[in-house]
Amino acid sequence: MSAKERLRFGVGLVVLLWLLMGAWIAMDLQQTHSRDLLVAERVSGTLTRVLEGHLEALSQKMDLRLSEFASRFQQDIAAGSGGAAIQANLSQSLALFPEAHSFRVADAQGNYLFDATGRLADVNIADRSYFRALRDHPGAGLVISEPMESRVTGDWVIVYARRLEDGQGRFLGIVLAAVRSNFFEQFFETLHLGEGSVIALWGNNMELVARWPHLPGKLGQRLTGSPIPAALAAGQMEGSFRRAGALDGVERLFYFRQLQQVPFVVSVGQADVQVLAEWRQRVKVYAFLGAVITLAMLLLVRVWTLRYRHALSLAEQMTQAVKAKSREGRALLDSIPDPAWLLDTDGRYLAVNEAFCRYKGQPMEAVVGHTVDELFPPDEAERLRQGQQEVYARGGPVRQEVWLDLGRDLGRRPFEFLRVPVFDEQGQPRGLAGVAWDMSERFEAEGRQRLITQVFDHSTEALLILDGQMEAVAINRAFTEFTGYQLEDVLGHVPREFAAHRHDGAFFDMIRERLAEQGSWSGEAWVRCKNGLERPLECRATPIVDGDQVVNWTVFMRDLSERKAAEARIDVLTNVDTLTDLPNRSSFTRCLEDWLAAEGAGALLVLDLDQLSRVNDAYGHAAGDKLLRRMGGRLRRLLRERDVIGRLGDDQFGILFGFSGVDLHGVESVTRKLLEAVARPILIEGHHVVCTACVGICLIPRDGKEAALLLRNADAAMHDAKSAGQNSYRFFSEDMSQRLTERLRLESDLRGALERRELLLHYQPQVEIRNGHIVGFESLLRWAHPELGLISPLAFVPLAEETRLILPIGDWVLEASCRQNRAWQDQGLPPMVVAVNISAVQFQGDVLVDSVARALERSGLEARWLELEITESVLMQEPEQVAATLVRLKALGVRLSIDDFGTGYSSLAYLKRFPIDKIKIDRSFIRDLCHDPDDAAIVRMVLGMARELQRTVIAEGVESEAQLGFLLAHQCHEYQGFLCSPPVPAAEVPALLQRLS
């Protein structure tokens with residue numbers, strides 16, 4: 001490339017860089033602008049979801065409070081009683097909910113009956129939309145009004161209201177809570193969005209509910225000229241846009257969202273001045289930088305132009321000088337067999353010989369007049385240029401090694417360059433002369449030598465070189481690191497001198513014979529290291545021959561220490577339980593098999609800890625592991641040296657010991673000592689934990705002559721002991737195996753019972769005591785086994801709970817009961833509540849609420865006609881978590897009752913917090929009600945407590961008129977039992993209702 005072309009190229013490159021810089025700045029500004037808007041949009045969207053959560057939480061709190069009020073006082077309002085309690089409850093609500101302006105009760109004509117402030121306003125609200133909605137729609141639930149001006153205070157408020165009705169479902173009026181608009185504005189103000197930003201809350205009709213910053217006189221005004229109403233009408237639930245605010249004219253980025261659970265639309269607007277402040281600052285910075293860089297580029301182009309003109313003048317002078325001398329040096333250069341050349345001070349080739357052109361693969365005219373930059377790749381040209389500059393710097397000859405890529409079939413080769421300066425008459429350098437020698441053959445020889453040395457010294461295997469007499473002549477670095485011996489330690493010695501003492505002369509004679517017969521040997525050996533330790537080796541000896549004669553032996557050695565250690569660890573892991581250091585199940589089974597092979601009498605015990613899962617739940621699995629280790633060590637110390645103990649898995653230990661004759665008392669004595677040892681307290685996490693266990697015992701050989709059979713029988717005996725209670729033991733008997741087999745069969749059949757449609761539901765009526773009317777049914781599960789007939793729930797429900805099959809079965813019972821109740825209503829039967837029992841297993845996890853909601857949705861049954869019965873023991877397991885779940889269930893609209901009340905332990909402090917509608921007295925207190933004064937006292941106490949808590953009470957298991965008379969005399973509300981009817985199939989319910997109506 002000529003100097004002129006280089007100048008043009010440089011100027012073009014500067015212009016291109018300037019254009020690229022401008023394009024990059026424009027693109028960066030565009031991306032920054034879009035990113036700032038996107039970030040602001042995401043922040044606004046997140047804020048709308050936070051506001052949605054806050055408003056939904058407020059609505060849920062209001063709904064829960066109003067629902068509780070309606071459930072508790074609507075019967076008093078219907079009866080015209082309880083005024084002081086109602087007024088106190090409203091005042092308490094106002095104190096608990098600072099958000100509310102007031103809590104009020106209005107009658108069926110819209111006149112206020114009660115006010116939390118104690119001051120009744122002479123105002124009628126019958127024309128209000130929320131009042132009409134609750135009056136005309138019994139199932140409306142919580143109704144939230146549009147923003148309106150209060151007729152009592154003149155403030156703008158939002159009203160939350162619920163329907164009040166009597167026992168027959170007739171409209172009594174409403175209970176309501178009013179929230180001022182300025183409550184929302186005060187909350188918006190705490191968000192600190194920044195100057196120029198705005199938050200607004202709108203009704204579904206786009207009437208302004210609240211705004212921050214506050215705009216006097218704008219509340220209740222409908223939004224016009226905004227794209228939000230059109231977007232909502234088109235089904236768009238949320239979105240964003242930019243425009244000037246409709247209420248104050250400030251340019252903003254707006255984000256709106258229609259809330260799901262409450263009838264509001266929230267919008268957040270961030271001022272453009274705030275959102276794009278950083279972007280505007282970036283524009284100013286880029287403008288200044290662009291101006292500076294443009295000026296610098298113009299100066300650079302000017303400098304290049306001046307240098308180009310100077311280069312043209314100098315090149316003309318050198319060309320004339322080269323022509324004068326070229327003919328003189330041609331003959332000399334061509335006589336040199338290696339590449340030779342002449343250069344001027346600018347690095348241009350003045351002359352080259354034929355050898356140069358042959359190596360370069362180019363004709364002479366393509367070389368002369370060009371520089372190394374034009375003839376060689378950049379990296380090679382850089383090295384050649386450095387050598388040229390060093391000649392001028394030294395003023396004398398310079399040698400240099402350079403690798404050149406010659407292309408074609410020659411490839412990349414090493415050359416040694418010799419360059420000398422050429423001076424004119426005045427002693428000034430006019431250029432330089434050079435010659436190069438191809439060093440390929442020498443480099444190949446040196447490379448082979450280096451490779452051999454590298455392989456030898458850096459091999460990961462230890463290498464020992466022996467001469468023909470088997471004496472050491474060389475070792476590598478790995479040998480020294482492995483054994484500790486240096487070359488001077490082994491030089492002239494035979495390998496036998498470094499072998500471990502475990503190898504005798506016969507071992508080395510065998511190696512010599514193998515080498516003589518086969519020419520090589522490989523195997524394992526042990527070496528004695530310099531520090532005296534012995535280490536295992538994998539060795540391989542091969543000969544180095546010169547013609548037909550062995551001149552050396554090469555011995556490759558690999559360390560086997562890690563492999564041997566790994567094999568030992570694998571053996572431990574295969575046979576030892578790593579947690580307790582006891583034999584694991586497979587190792588214990590082998591010990592049992594060896595015991596049986598020796599025909600020894602003895603006893604096999606399977607010991608199962610009862611408290612491990614509770615320790616894991618209370619203190620964590622690390623504490624449970626510590627308990628297992630302590631128990632394993634404690635049990636081991638009680639046994640004799642010849643006895644065997646192992647961990648069979650989880651919380652089970654196997655124990656094997658011998659005894660003479662049929663000394664069952666001796667076996668029992670050992671078992672009791674083991675149970676006593678288990679029962680001693682253990683300090684875990686700073687607490688004394690008392691653990692118990694159950695033991696199953698098999699006698700050898702009476703109860704089996706195979707290890708698998710003995711373990712199975714001992715396990716069956718252990719399960720029988722667990723059914724008898726904690727800290728017990730049982731000897732194996734044949735009926736245990738039969739019961740276990742029957743249980744396994746029942747579990748297997750139960751797994752497919754739901755798919756085979758063998759499960760069915762019967763319904764027992766629940767009767768109102770005062771008038772004898774049926775007010776509901778309890779849904780009771782039955783299993784029609786194809787071979788065993790109708791199986792009682794007492795036989796299979798505990799099994800279903802233990803195997804967690806109760807979860808799919810419970811979902812089916814819920815949905816089937818809801819579908820049946822809806823089918824009765826569709827047949828024209830009067831609407832009634834159907835009660836469904838909920839298992840304790842169903843309360844574990846967070847799926848119960850979803851299961852109930854799904855059953856109601858699929859069946860189409862209104863939630864108020866479903867009642868869930870929860871046992872008293874479930875309520876006390878985790879009261880806080882259970883209370884939260886009950887609140888969520890109550891929010892669905894279902895009814896809740898406590899089943900088997902009185903059979904467990906209930907804290908009244910917790911019980912009053914549960915949103916329970918009904919309490920069911922357990923049948924065990926009803927059975928001897930008329931004969932046992934204790935049962936009568938308990939029933940009277942429950943009825944009195946229920947009246948104070950304003951809960952409905954139902955008694956189950958009523959079978960006589962005397963029992964019914966007692967319950968009626970003490971104001972029990974409902975009963976169920978054989979006195980009315982046993983549980984019947986769904987098809988018999990219509991006839992039962994007709995017979996008892």
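Keep in mind that this is a model prediction, so the values were computed, not measured.

*Asks:* An account of the environment of P138 is needed here, citing residue identities and associated values.
*Replies:* Relative to the assigned elements, P138 resides in the loop between α3 (129–136) and β3 (143–144). Using a relative accessible area of 46% as the deciding quantity, one classes P138 as partly exposed. In this structure, the C-alpha to C-alpha distance between P138 and R170, residues 32 residues apart in sequence, is 8.6 Å.

*Asks:* Mind laying out helix α14 (residues 505–518), listing which residues take part and the relevant values?
*Replies:* An ideal rise of 1.5 Å per residue puts 20 Å on 14 residues; α14 measures up with 20 Å between its terminal C-alpha atoms. Those residues of α14 that fall on the buried side of the exposure criterion are F507, F508, I511 and L515. Within α14, the buried residues cover an arc of 95 degrees as seen down the axis, which keeps them to one side. Residues A506, E513, A516 and E517 are exposed on α14 and point more than 90 degrees away from its buried face. Where the residues of α14 are buried, they touch β19 (521–528), β20 (534–546) and β21 (549–559). Just downstream of α14, G519 is the residue with a positive phi angle, here 85 degrees.

*Asks:* With reference to specific residues and values, describe the pattern of salt bridges.
*Replies:* All told, the structure shown has 37 salt bridges when counted by the stated rule. Across the pair R399 and E416 runs a salt bridge whose closest N-O atoms are separated by 2.9 Å. Pair noted here: R399 is in strand β14 (residues 398–405) and E416 is in strand β15 (residues 412–423), with a separation of 17 residues, a long-range link. On the basis of relative accessibility, which here comes to 54%, the residue R399 falls in the exposed class. Linking R413 and D438 is a salt bridge whose minimum nitrogen-to-oxygen distance equals 2.7 Å. With R413 in strand β15 and D438 in strand β16 (residues 429–438), this residue pair connects regions lying 25 residues apart in the sequence. Residue R413 is classed as partly exposed on the basis of its relative accessible area, which comes to 23%. Residue class for D438 comes out partly exposed when judged on its relative accessible area of 25%. Here the residues in one salt-bridge network are E867, R895, K918 and E974, joined through shared partners.

*Asks:* So what's going on with unusual backbone geometry? Which residues, and what values?
*Replies:* Following I700, the chain continues into P701 via a peptide bond in cis, with omega recorded as 10 degrees. Considering the arrangement of structural elements, one finds P701 in the loop between β27 (693–700) and α20 (707–723). A positive phi is found at D581, a non-glycine position, where the angle reads about 60 degrees. Summarising the element assignment, D581 is placed in the loop between α15 (561–575) and α16 (585–597). Even without being a glycine, Q971 presents a positive backbone phi close to 65 degrees. For Q971, the position within the fold is in the loop between α30 (961–969) and β37 (974–976).

*Asks:* Residues and numbers for the sheet that holds β27, please.
*Replies:* Strand order in the open sheet made by the five strands is β23-β24-β22-β27-β28, with mixed pairing throughout. Only two strands of the sheet have a single partner each, and these edge strands are β23 (644–649) and β28 (729–731). Direction aside, the axes of adjacent strands within the sheet are offset by 20 degrees on average. As paired strands, strand β22 (residues 602–609) and β27 are joined by eight bridges and run antiparallel to one another. Its bridge partner being in β27, V606 is matched across the sheet by G696. Helix α19 (residues 664–679) contacts β22, β24 (652–657), β27 and β28 of the sheet and is inclined by roughly 155 degrees relative to β27. Contacts from α20 reach β22, β23, β24, β27 and β28, with the element oriented near 145 degrees to β27.

Parameters at a glance
Residues numbered from 1 in each chain as written. Predicted model: local features only at pLDDT ≥ 70, side-chain atom pairs only at ≥ 80, totals over all residues. Heavy atoms only, no water. Helix = DSSP H or I, 4+ residues; strand = E, 2+ residues; numbered from the N terminus. Buried < 20%, exposed > 50% of the residue type's maximum accessible area, 1.4 Å probe, protein only. Expected span 1.5 Å × (residues − 1). Arc of directions from axis to C-beta. Contact = heavy atoms within 4.5 Å. Salt bridge = Lys/Arg side-chain N within 4 Å of Asp/Glu carboxyl O. Pairing = 2+ DSSP bridges. Axes fitted to C-alpha atoms, helices over the stretch in contact; angles between N-to-C directions.

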